[in-house]
Amino acid sequence: MTLKVAMIGSGAIGSRVAELLDAGAAPGVELTGVVPHGDAGTGFSFEDALDTADVVVECAGVGSVAEFGPRVVSAGKDLLVTSIGALCDASLRKALLDDGPGRTLLTTGALGGLDAITAACAGGTIHRITVESRKLPAALIQPWMDGGTKDRLLTASHPVELLRGGPAELIKAFPKSTNVVSALALAGGDWGVVEAVLIADPAARKTSHHVTAETSLGTFDIRVTNEASPNNPASSALVPHAVVRGLKTLANASGSFI
Ligand SMILES: NC(=O)c1ccc[n+]([C@@H]2O[C@H](COP(=O)([O-])OP(=O)(O)OC[C@H]3O[C@@H](n4cnc5c(N)ncnc54)[C@H](O)[C@@H]3O)[C@@H](O)[C@H]2O)c1
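About the criteria used
Residues numbered from 1 in each chain as written. Predicted model: local features only at pLDDT ≥ 70, side-chain atom pairs only at ≥ 80, totals over all residues. Heavy atoms only, no water. Helix = DSSP H or I, 4+ residues; strand = E, 2+ residues; numbered from the N terminus. Rg over C-alpha atoms; globule rule 2.2 N^0.38 Å. Buried < 20%, exposed > 50% of the residue type's maximum accessible area, 1.4 Å probe, protein only. Contact = heavy atoms within 4.5 Å. Areas by Shrake-Rupley, 256 points an atom, 1.4 Å probe, with all protein chains shown as cover. Phe/Tyr/Trp six-rings, centres within 6.5 Å; stacked < 30°, edge-to-face > 60°. Near = heavy atom within 4 Å. Polar contact = N/O pair within 3.5 Å; in protein donor to acceptor, adjacent residues only side chain to side chain. Domains from an automatic or database assignment. Buried area = accessible area lost by both parts, 1.4 Å probe. Salt bridge = Lys/Arg side-chain N within 4 Å of Asp/Glu carboxyl O. Nonpolar A, V, L, I, M, F, W, Y, C, P; charged D, E, K, R; others polar.

So, about the overall build of the protein. The helix and strand tally for the protein stands at 9 helices and 12 strands. A globule of 258 residues ought to have a C-alpha radius of gyration of about 18 Å, and the protein, at 18 Å, matches this closely. Once the C-alpha set of the protein is aligned to its principal axes, its extents read approximately 50 × 45 × 35 Å. Considering the protein as a whole, with its 258 residues, one finds that 47% of them fall into the buried category. A sequence separation of at least 24 residues applies to 71% of the contacts in the protein between residues at least 6 apart. With an accessible surface of roughly 12300 Å², the protein has 53% of that area assigned to carbon and sulfur atoms.

Right, here's the structure in full:
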C-alpha cells in the first residue's frame, strides 16, 4: 500500500524532501502536494493535504506546527514534525502527542544518538544531558537583534556564547537553530534535564553539536558535524534525508531500527 504524504514548507528542507520523494528515494511513498506559504497559490491547500495524505510533513518552522499540527492529528492523520522546538509549549505538546487520533512523529533531524537516549530513558534514568551547538555567526542573526548586536556578531574574531539555558529559552530566541535541544528533551523524557549552549563561531565552517548524556545505562558522548544545506547555509543537509528515511520506515516496516 502506498503511503501518501503532503508537505507544509518548501524551503531548504521541504524542497529537498520533495525532490527526493519525486526521485523515488522512498519506495512506497507518494507526495500528494505541498501547501504554499500565504498567497503563493499552487492549487494545493491545507484542506487538500488533509484530504489526500496519510502523513503531513511540517518543514515550515515552529509557528506552523501550532498553526497546522492540532488540525492534522484531530483529523486522524499523522504529523511528521521537523520544528520540534514547537513542542516546548505544554498545551501544544499535549494536543500533538496525547490527544490523537492521529500520531505526531518526530524526525531525528540534524542529530544522531537519539536512539540510545530514548532506550536509556525507557530502561533507566537520565541524569543530565548537555549540548553545545556551534554555528557560523551569519546563520544566527535574528530579527530581534539590534544593529549593534548584529555588527558585533558578524565582526567577531573568536567564538561568542549567545545563550545558555533549557529548550524553551533556546527555541524562543533562535527558533530555526535549536530544534535539536527540544529533540534531546523529548528523547530524555524530561524538559528539565537538558542544558544547552549556543555559540556563534567565526571559525565554524559547519554546524556542530556536541551532546553528552549521562544516564544510569551509560554515558553517551555524541559529536555531529553537519554539512550545510546547499540552499540555506543555516540549515543542515542531513535533515531532508532524516525526514525521507523516517517516511521510508513508515511505508516499509523492515523490522530494523538501524
Ligand atoms: N529537527 C531538526 O534537527 C531541524 C534542523 C533544521 C531545521 N529544522 C526546522 O525545519 C524548519 C525548516 O527549515 P528550512 O531550512 O527548510 O527553512 P527555510 O526557511 O529554508 O524554509 C521554510 C519554508 O517554510 C515556508 N513556510 C513558513 N511558514 C509557512 C506556513 N505557515 N505555511 C506554508 N509554508 C510556510 C517558508 O515560506 C519557507 O519556504 C526550520 O524552521 C526549523 O524549525 C529542524
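As a further point, take the packing of aromatic side chains. One pass over the full model with this rule turns up 2 aromatic pairs. Judged by centre distance (4.8 Å) and plane angle (45°), the ring pair of Phe46 and Phe68 falls under tilted. Here Phe68 lies in helix H3 (residues 62-74) and Phe46 lies in helix H2 (residues 46-52), a separation of 22 residues in the sequence. Both residues of the pair, Phe46 and Phe68, belong to the buried class.

Further remarks concern the site of the ligand. Near the ligand, the surroundings consist of 25 residues, among which Ala12, Ile13, Ser83, Ala110 and Ser235 are the closest. A distance of 3.4 Å separates an oxygen atom of the ligand from a polar backbone atom of Gly11. Taken by itself the ligand offers 860 Å² of open surface, and the protein chains cover 84% of this. Listing elements by their share of the shell around the ligand, those giving two or more residues are helix H1 (12-22), H3, helix H8 (179-188) and strand S12 (232-236). Both domains that furnish three or more residues to the shell around the ligand are identified here as domain 1 (3-106 + 238-251) and domain 2 (114-226).

Turning to unusual backbone geometry, a few remarks are in order. Of note, the amide linkage connecting Gly100 to Pro101 takes the cis form, showing an omega dihedral of 0°. Checked against the element boundaries, Pro101 lands in the loop between helix H4 (90-97) and strand S5 (104-106).

Glancing now at the domain arrangement of the protein. Interface extent is often summarised as the accessible area lost during association of the parts. Structurally, the protein comprises domain 1 (3-106 + 238-251) and domain 2 (114-226). In this structure, domain 1 and domain 2 have C-alpha centres spaced 24 Å apart. Contacts between the two partners involve 11 residues from domain 1, matched on the other side by 10 residues from domain 2. Taken together, both faces of the contact between domain 1 and domain 2 bury some 730 Å²; the carbon and sulfur share is 77%. At the boundary of domain 1 and domain 2, one finds 0 salt bridges. On the surface where domain 1 and domain 2 come into contact, there are 2 residue pairs in polar contact (both at pLDDT 80 or more). For the side of domain 1 that touches domain 2, the per-class residue count stands at 7 nonpolar, 3 polar and 1 charged.

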